[in-house]
Each structure stands twice: as C-alpha cells, then as structure tokens.
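# Commentary on secondary and tertiary structure
Spelled out from the first residue to the last, the chains are:
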Amino acid sequence: MTMPDHTPDHTHDPNARSWVGEANEHPDFPVQNLPLGVFAPAGSEDWRGGVAIGDRLVCLRGAAPLLQGRAADAARLADAGSLNALFAQGNEMADALREGLFALLTEAANAGEAERVLFPADECRMAVPFQVGDYTDFYTGIEHAKNVGALFRPDNPLLPNYKYVPIGYHGRASSIRASGAELIRPHGQIRSAEGKPPHVKPSERLDYEMEMAIWTSGSNPLGQPISIGEAGRHIAGLSILNDWSARDLQAWEYQPLGPFLAKNFLSTVSPWLVTSTALAPFRTAQPARPQGDPKPLDYLWDDADQQAGAYSVEMEVLIETAAMRKAGIAPHRLSKGPMTAMYWTAAQLVTHHTVNGCNLQPGDLLGTGTLSGPDAASFGSLLELSNGGKNPLSLTGGETRTFLEDGDEIIMRAHARADGARSIGFGECRGRVRG
Ligand code: MN
C-alpha cells in the first residue's frame, strides 16, 4: 500500500481569497482551483498556456517572469501550445506552478504587475489542453452498461467479464475537439428492414454521452506496467468529455469488434484541466461493490485507492434547442448525477491499461464511459433517457426529443463539492448539431 498523495494544503484553504475580486464568488474558478489550459487571445493564432481565475485567464508566458524557481520553469514548459511537456515531468512541476500562482493571485502586493498578464476569458479561444497521442474510452458506468446491455441483449445485459475487466476500446485522437466545436451530423451505414441491404444516410439516432476525461501524466516504458500503488501519480487531472454517438451506426457495426464509426466523428472535451492536486479535497471512498460481486483481482486492489480513489464530482447535462434559443427559453436539464457511478477507480483504469506492458504517454485521454446513476434523473445519454427511442422526452417549451435534432446544443457541467472545502468547477463542455 502506498500513501495517498492527495492531502489538502494551504492552496485549498476555503478562506483563501484572490485580489481578482470576482474569482472569490465564481462557481467554477476560485483561487483554490487554478485549472490549466491552452488559449489564444482574440483574433490571434498564438496559442499559449493559461490558468483560469474567475472570468479571466492568467497568461503563463506573461506570468513566468513574475514567478520564481520551479514555478517559473513550469510556466515556460506550459507555454508550448499544449500541456504535454509540463506533464512529461509527472505532476511535480504543475504542483510547483500551482504554488507560485496561488501566491501571485492571493498576495495583494502582486496585483499591479500581475493584472497586466490577465485576459478576459470571453475574449479568448480555448484549445484541447493536450496534443492527444492516444484516446481510450472505458465503460465504467455499471448502470449505463446494464441499461444499454438490456436494450441490445435483453436476456443478457451484463457480460460475465464486466466485474473483472475494466472494459474499454481504443478511440480516435484526431477528432477530439474543445468545447464549442460544431458537431456535423455523421453519415454512415444503417441497417435496413429484414432482407434488404444496409443504406448510407445521415444518422437519425444521434446522441451524447456524459463522461469524465482522465488525462495521464508521466509515462511508463513499453513492457513495464504501472502498479496500482503508483497509478495515482500518473493522473494529471480531469475534464468533462462528451462521447458523441450515432446509435443507428453503432447498432449495425458494433459486433464483433466494438465501436468504430459510430463514435469517432467527434469527441468534445471541456478545455480546462482540473488537476489531481486541485481535486485533493474531493477524493472519496470508492463505493463498496454490491454483495455477491467479486473482489477486484490483486493487481487492481489497493487499500488507499479504495479509501480515496473516487471523486465527489456532480455532473449535469442540459439541452438548448434552436426553438428554445429563439424564444429565449433557458436550457432544459436532462440529467444530474455523481461521478461515483464508476465501477472502477481512475487508478484501476491506469493500472489495467498497462498490465500487459502497454505504454501510456503524457496527455493520453482515458474516458470513464457514460456515467449514469440508478434512476432516470441521472441517466447520461438519450439512448437511456428515451428507452432506446421508444419514450420521447418532454422539454421546457413543449418540444419532445428521442435523439438530437439539428440546432440542438448539449451543455455539460461538473462541480466538485465536499464539506469544509471551497467547491470548484470544470467550466462547460458544449456542442451544437449542424445538419
Ligand atoms: Mn463512451
């Protein structure tokens, strides 16, 4: 057993206040968060490292001369158009940067100089925070697995390997985009009525999946697994992930090798990396498995990970249709649920991914899989909410939906909350469908 490296420190003090005034009341980005991202100022292609504070961004290029020692070095590493170089060092340099920025943004004497390196967030564009080498999507939401399994295989919803193997598939990195990227409705092969060949047409069962993104830190040499005790050090932090899915393409293609074109036309992430260190106060015990479920195999078991390997993060999904936008109706909430719906911890995913010697690299993206709770109010996809398209949902304003229509915008949000801690948020993960 390895000691957990997620003890809160002075940078998590709920009473800490920034001289960036609005940050102290901000729902997502108070000084206790300091998430990392990559941004370009308005009208520019000059992508650079940034940190969110309230409604503003700290430009790390500008901030580096105001920081000292390793914090200054880390700010320069983060100014490479992606966060890969920073997290190639593991989490230590990012932690030094967090310490330095916390001091810079809380000590009023710094305000004069540091004010000059702040940008208004709404005048900047955000990129995917890492140059993603590889993307793996897991399937840790057991309620989702049961719900979807029941639609595809009513007699056999959960396959016998599920409780032993953290199930996953290799996704596609080239089509990962930051929040705000347009979703162009995909075409593909769709099954026809009995006896007729399939035809190619735009998907009529376009869906989202509410997931969290786990970003990796450091690396392991090919052939050398990461033990469960070490796995936490390989987690840079989390973002929100929308794994857009075309259910009609999926139903026709998914056997025998799993998802392919039903998933790789776009995946959207929220642009801020909320670091493992920022999430320290929100670590919580992995929920006990239901009676009768097998204990994970030894290589996936670590007492410290079981005690604090889950996250107190609440996620929500909203929809805004074109008609709602036109009428000025506020987005309609589709679901709300906890990240503790994961059957496996993030550390278990890292360890399982490398048990065969597979090498992870800094900035690999691991999706949790759709996180649904046990009841409909927390279902993380329209496939589940509409019961496979059989029960249309009623939206504020009188429209109904089974799957997404052109002009629909999906908005995902997430917040980490715990007693005695200042809550922090992930920003938004948005995408609008274009026909
Ligand atoms: Mn998925």
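Notes on the structure in this doc start here. Along each chain, residue indices are assigned from 1 in the same order as the chain's sequence is written. Per-residue local features of the predicted model are confined to residues with pLDDT of at least 70, and side-chain atom pairs are confined, for both listing and counting, to 80 or more; whole-chain, interface and lining totals are unaffected and use all residues. With hydrogens and water stripped out, all remaining heavy atoms of the structure feed into the side-chain values.

### Regarding the side chain of Thr368
Our working rule: The helix and strand labels rest on DSSP assignments: H or I over at least four residues marks a helix, E over at least two residues marks a strand, and numbering proceeds from the N terminus. Think of it in three bands: with a 1.4 Å probe and only protein chains considered, a residue is buried below 20% of the maximum accessible area for its type, exposed above 50%, and partly exposed in between. Residue contacts are defined here by distance: any two heavy atoms, one from each residue, within 4.5 Å place the two residues in contact.
Position of Thr368 among the secondary structure elements: in the loop between β22 (365–367) and α12 (382–385). Look at Thr368 and you get buried, because its relative accessible area is 0%. Look past the residues within four positions of Thr368 in its chain and what remains in contact with it is Asp137, Phe138, Tyr139, Thr140, Gly141, Glu211, Met212, Ile214, Met339 and Met342.

### Quick word on the side chain of Asp137
Test applied: In this tally, Asp and Glu contribute negative charge and Lys and Arg positive charge; neither His nor the terminal groups of the chain are included. A side-chain nitrogen of Lys or Arg and a carboxyl oxygen of Asp or Glu constitute a salt bridge if their distance falls within 4 Å.
By secondary structure assignment, the location of Asp137 is in strand β6 (residues 135–138). Despite its burial, Asp137 pairs with no opposite charge; the closest candidate is Lys263, at 5.1 Å N-O. Leaving out residues up to four positions away in the same chain, Asp137 has contacts with Ile167, Gly168, Tyr169, Glu211, Leu241, Asp243, Gly367, Thr368 and Gly369.

### With respect to the pairing of strand β20 (residues 313–320)
As a reminder, the rule being used: Two strands make a pair as long as DSSP finds a minimum of two bridges between them.
Counting buried residues along β20, seven of its eight residues qualify, which places the element largely inside the surrounding structure. Across eight bridges, β20 lies against strand β25 (residues 409–416) in antiparallel orientation. Counted as the bridge partner of Met315 is Ala414 from β25. As judged from the six bridges shared by β20 and strand β21 (residues 332–338), these two strands associate in the antiparallel manner. Looking at β21, one finds that Glu314 is bridged to Pro338.

### Some thoughts on the pattern of salt bridges
Oppositely charged side chains are able to pair whenever their charged atoms sit close together. The final tally for this structure, using the stated rule, is 27 salt bridges. Where Glu230 meets Arg233, a salt bridge forms, and the shortest distance between an N and an O atom there is 3.1 Å. On the basis of relative accessible area, Glu230 is assigned to the partly exposed category, the value being 33%. Judged by relative accessible area, which is 34%, Arg233 ranks as partly exposed. One network of salt bridges, in which partners are shared, links Asp207, Glu209, Asp243, Arg247 and Lys263.

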